[in-house]
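# Chain and residue survey
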Amino acid sequence: MDKSPVGVSYPKSGRTWMRSVLGGAGVALKFTHAGHGSLKRELGRPFGGIPPELADRPVLFLHRNPLDTAVSFYYQVTHKDFARGTRKWAQRLV
């Protein structure tokens, strides 16, 4: 079983910045949203925290003020992911 460290973050919590900082410091850390993101099947799912399959690994849990993540996530979904003319917009219509 894999025991390498993992980063778990709620979407829009700053994991891109954290990955960049840690990568610059030579720290290899795999990040995951633990099944919560802007994919259609993931939208609206409650965030339950660290998944049980990661419980025996060292975890860096990254979170941010919920109001800030809500605004960022709304912008991500409405202006990037599902913006008119994108592939996700076309898939939504099928």
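A brief structural summary. (Residues numbered from 1 in each chain as written. Predicted model: local features only at pLDDT ≥ 70, side-chain atom pairs only at ≥ 80, totals over all residues. Heavy atoms only, no water.)

Two faces, one strand: in a regular strand the side chains alternate between the faces of the sheet. Residues V6 and V8 point to one face of strand β1 (residues 6–9) and G7 and S9 to the other, with burial holding for every one of them. The sheet contact formed by β1 and strand β2 (residues 30–32) spans 3 bridges and is parallel. Across the sheet, the residue bridging to G7 is F31, located in β2. Once you follow β1 into helix α1 (residues 15–24) and on to β2, the crossover reads as right-handed. Across 4 bridges, the pairing between β1 and strand β3 (residues 59–62) is parallel. Counterpart to S9 in the pairing with β3 is L62. (Buried < 20%, exposed > 50% of the residue type's maximum accessible area, 1.4 Å probe, protein only. Helix = DSSP H or I, 4+ residues; strand = E, 2+ residues; numbered from the N terminus. Pairing = 2+ DSSP bridges. Right-handed = clockwise from strand over helix to strand, strands pointing away.)

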